[in-house]
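Overview (structure and organization)
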Amino acid sequence: MSRELDKLSINAIRVLSADAIEKSKSGHPGLPLGAATMAFTLWSKMNHNGKNPNWENRDRFILSAGHGSMLEYSLLHLFGYGITIEDIKNFRQEGSLTPGHPEYGHTKGVEITTGPLGQGLSNAVGFAIAEAHLAEKFNRPGYNIVDHYTYAIVGDGCLMEGISGEASSLAGTLGLGKLIVLYDSNNISIEGSTDIAFREDVAKRYEAYDWQVLRVADGNDIDAIENAMETAKAETSKPSIIIVKNQIGYGCPAKQGKASAHGEPLGSENIFAMKENLGWKTEPAFYIPDEVYSNMNEYIEKGVTKEKSWNELFKAYKTAYSELAKEYVKWINGEVDKQSLLNNEQFWSFDKEMATRESSGIVINRLTQIIPNLMGGSADLAPSNKTYMAGKGDFSAEERIGQNLHFGVREHAMAAIVNGIYAHGGLKVFCSTFFVFSDYMKGAMRLSSLMNIPITYVLTHDSIGVGEDGPTHQPIEHLAALRSMPNMTVFRPADSKETAAAWYYAVTNGTTPTSLVLTRQKLPLYEGCAKRALKGGYIIKDSQKEIPDVLLMGSGSEVELIFKAAEQLEAKGIDARVISLPSFEVFDAQDKAYKEFVMPNKVRARVAVEALTSFGWHKYVGLDGDIVSLDTFGASGNAKTLFKQFGFTIENVIDRVIKLVNK
């Protein structure tokens, strides 16, 4: 490994990126060209092993500026992660391992999906939290089996997004000393110079967040970047940001330093000029000299050696701390004994009516006895969300072993941070806020869904039942929005037992995030509903006839309403079947026979009741049915008065049923 060969390898990143983007006829060459030296220097110093991308104690790398994905793919190729030249030639093509933005679970070595700017930086905070907690839990003197850094490359756009401020503020408060951010400071955004919209002093901003701020004046100075990284690692009590002055599109004479380098192919003439400028063979495309691969093999073998050393350490750890080692493996593997949980009667047991936010809080605390690696918290609302885990301590700069996270009033960053905690590995995680504020979380919730990671979102105060806080705090369209999100499972339970079912689903399914939509007001208990709710929809009160006169369906607090309406309809000679639908997604996944059993096709008289927007219910009630819903904003007032005002009464449901049946 020599400086000259390193510089050649850095230019290989530039050439591969430019050629791939040119072949694709789309992409973002500016960042890979400008940040190549910074990124290569970082990867050459990280502890990682391309031959085993899942090595548990690897340093984590997050490309927050995910549009510059060819930078990461070039690094993955050169550092031996199995990305081939053919993969790079297929950049942005359907089914390739090199999609337009880095995708978690798709490309080996990609730690998390990035692209929406600022998300990756926030994810990095989550990775650093996970590392700190696991290190405190498992490390013992002489056996630092959890000991790695989290690195992120961010751009000007990441730091403009408000989420970066939320996450960085929390990272400073938590003193995450093993979080190191490299800032590609090139003063260019899509519309031109950042002066038009971004003149703040980033260094002062991060000093105010209580970060260590370091500067590298020349982004092509390998020694300066290495020295800054060592200084960052020496500071253990606060995160570090290294502000590296780069030139966007570096190496391409006609494009470097210009906004046009950001998001469009350079063009064949400019690539020819770039290669000549870098002293590179102009033909063929994707040409990499053999000496580059020889140089990279030394770095690859260094990574293999690092992992071998850790494996020896862990082998000795297993001898010295056998029970702790077994627990570590269980945590890392994400094991949950589904059958034991399903058969745990205490988990499903409730003896009085209560708000589902309250029963959720009880379930969370029961889960801590079953799932010891459960970690989570709220956006400054734990007393209202009922998410505090008793006796589990608070994670802080002073106390890493705590399992309760205090995110502050930072919903957007909170959701992105928990994505990072989960993606790190080793922890089950949840976060919580009022349902109406899920709007602030949508970007990160969407990424949870896209990545197939089972985050649990606890969303309380689920309707006009919020009452006096008024329409600003009363969710209306939010449930439909979450139900419309691909791969997001939503539960709105009707009682405490359904709440337990929702939590069971959330912690045992491994492929979807789950949103638990919970009430502020008390709800009754129903008989025999607990495990049947795991089908997403079921008959909670059956009709007397084989074929009922009407199907009444609802979720959450409105199940009580239709249950009572069915009792009174019976006295009027109308036979109703009552169906609780806590989860559309889970019910829709049942087989055709079960769905026909619950909702017979021949019963066309159907009424759905839900104190939120009607959007989404039409697929169940059909063209002949009716929906009692709220397609306007709410109002400030007593919750019981509001339910009556907006038509959520037994009398109104009965009237609507009679009109429908007699139509």
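Each remark here, short or long, concerns the structure printed above.
Described in the following lines is the structure provided in the data block. Note that this is a predicted model, so its numbers are computed, not measured.

Analysis parameters
- Residues numbered from 1 in each chain as written.
- Predicted model: local features only at pLDDT ≥ 70, side-chain atom pairs only at ≥ 80, totals over all residues.
- Heavy atoms only, no water.
- Core = buried A, V, L, I, M, F, W, Y, C linked by side-chain atoms within 4.5 Å.
- Buried < 20%, exposed > 50% of the residue type's maximum accessible area, 1.4 Å probe, protein only.
- Helix = DSSP H or I, 4+ residues; strand = E, 2+ residues; numbered from the N terminus.
- Domains from an automatic or database assignment.
- Phe/Tyr/Trp six-rings, centres within 6.5 Å; stacked < 30°, edge-to-face > 60°.
- Lys NZ or Arg CZ within 6 Å of the ring centre and 35° of its normal.
- Expected span 1.5 Å × (residues − 1).
- Arc of directions from axis to C-beta.
- Contact = heavy atoms within 4.5 Å.
- Polar contact = N/O pair within 3.5 Å; in protein donor to acceptor, adjacent residues only side chain to side chain.
- Salt bridge = Lys/Arg side-chain N within 4 Å of Asp/Glu carboxyl O.
- 1 Å grid on protein atoms, 1.4 Å probe; cavity = no way out; pocket = protein on both sides within 12 Å on 5 of 7 lines; lining within 4 Å.
- Points joined across faces, edges and corners; volume = space filled by probe spheres on them.
- Patch = residues over 30% accessible without salt bridge, like charges linked within 9 Å, V, L, I, M, F, W, Y side chains within 5 Å.
- Areas by Shrake-Rupley, 256 points an atom, 1.4 Å probe, with all protein chains shown as cover.
- Lys, Arg positive; Asp, Glu negative; His and termini not counted.
- Charge placed at Lys NZ, Arg CZ, Asp CG, Glu CD.
- Pairing = 2+ DSSP bridges.
- Right-handed = clockwise from strand over helix to strand, strands pointing away.
- Nonpolar A, V, L, I, M, F, W, Y, C, P; charged D, E, K, R; others polar.

1. Considering the nonpolar core
By size, the foremost hydrophobic cluster in this structure holds 137 residues, and its most contacted members are I129 and I242. For this core, the element with the most residues is helix α6 (residues 119-138), which contributes eleven residues. Counting contributing residues per domain, this core is built from domain 1 (3-118 + 151-303) and domain 2 (338-517), each supplying no fewer than three. Counting residues in hydrophobic clusters, the runner-up holds 78 residues, among them V363, F491, A494 and A565.

2. Some details on the packing of aromatic side chains
For the structure on display, the rule yields 33 aromatic pairs. Each ring, one from F347 and one from W348, has its centre 5.2 Å from the other, and the planes form 90 degrees; the classification is edge-to-face. A relative accessible area of 1% means that F347 is categorised as buried. Judged by centre distance (5.5 Å) and plane angle (50 degrees), the ring pair of F491 and Y505 falls under tilted. Taken as a pair, F491 in strand β13 (residues 489-491) and Y505 in helix α21 (residues 496-508) lie far apart in primary sequence, 14 residues in all. Directly above the ring of Y149 sits K178, whose terminal nitrogen or CZ lies 5.3 Å from the centroid. Sitting above the plane of the Y287 ring, K281 keeps its charged end 4.4 Å from the centroid.

3. Side note on helix α10 (residues 222-234)
Under the 1.5 Å per step criterion, the end-to-end length of α10 is 19 Å for 13 residues, consistent within 8% with the ideal 18 Å. If you check which residues of α10 are buried, you get I222, I225, E226, A228, M229 and A232. Looking down the long axis of α10, one finds its buried residues gathered within 160 degrees of arc, a one-sided arrangement. Residues of α10 that are exposed and angled more than 90 degrees away from the buried face: N227 and A234. Close packing links the buried residues of α10 with α1 (3-24), α3 (36-45), β2 (150-155), β3 (179-185), β6 (212-216) and β7 (240-245). You can read the cap of α10 off the contacts: a side-chain oxygen lies 3.2 Å from the backbone nitrogen of D223, and it is on D221.

4. Re the pattern of salt bridges
One pass over the full model with this rule turns up 29 salt bridges. A salt bridge links R3 to D6; the shortest N-O distance between them is 3.6 Å. Here D6 and R3 lie together in helix α1, a separation of three residues that amounts to about one turn. Residues R656 and D626 are paired through a salt bridge, measuring 2.7 Å at the closest nitrogen-oxygen approach.

5. Brief notes about empty space enclosed by the protein
Here the structure, examined in full by the defined rule, presents six cavities of 30 Å³ or more. In this model, the largest cavity occupies a volume close to 60 Å³. Considering the residues around the largest cavity, the lining is formed by W43, M46, H48, P53, R58, D59, F61, Y81, G109 and E111.

6. Here's the deal with a negative patch on the surface
Together, E136, D394, E398 and E399 make up a negatively charged patch on the protein surface. Structurally, E399 can be placed in the loop between α17 (382-385) and β10 (404-406). Accessibility expressed as a relative area gives 34% for E399, which makes it partly exposed.

7. Examining the pairing of β6
In terms of burial, β6 is a largely internal element, four of the five residues being buried. Bridge count for β6 against β7 is five bridges, and the pairing is parallel. Counted as the bridge partner of R215 is I243 from β7. Once the chain exits β6 it traverses α10 before rejoining the sheet at β7, and the crossover so formed is right-handed.

8. Here's the deal with the layout of surface pockets
Estimates place the volume of the largest pocket at around 730 Å³. Surrounding the largest pocket, 38 residues form its lining, N54, Y104, A423, H424 and G425 being those nearest its centre. Of all the secondary structure elements, the ones that give two or more residues to the lining of the largest pocket are α13 (322-333), α18 (411-424) and α21. Among the elements that line the lining of the largest pocket, the one with the most residues is α13, at four residues. Looking at the lining of the largest pocket residue by residue, the class counts come to 15 nonpolar, 16 polar and seven charged. Looking at which domains feed residues into the lining of the largest pocket, each of domain 1 (3-118 + 151-303) and domain 2 (338-517) gives three or more. In this model, the second largest pocket occupies a volume close to 480 Å³. Contributing to the lining of the second largest pocket are 18 residues, with S557, E560, K640, F643 and F648 lying nearest its centre. Elements that contribute at least two residues to the lining of the second largest pocket include exactly β15 (522-523), α22 (558-571), α26 (639-645) and α27 (650-661). In the lining of the second largest pocket, the residues fall into six nonpolar, five polar and seven charged.

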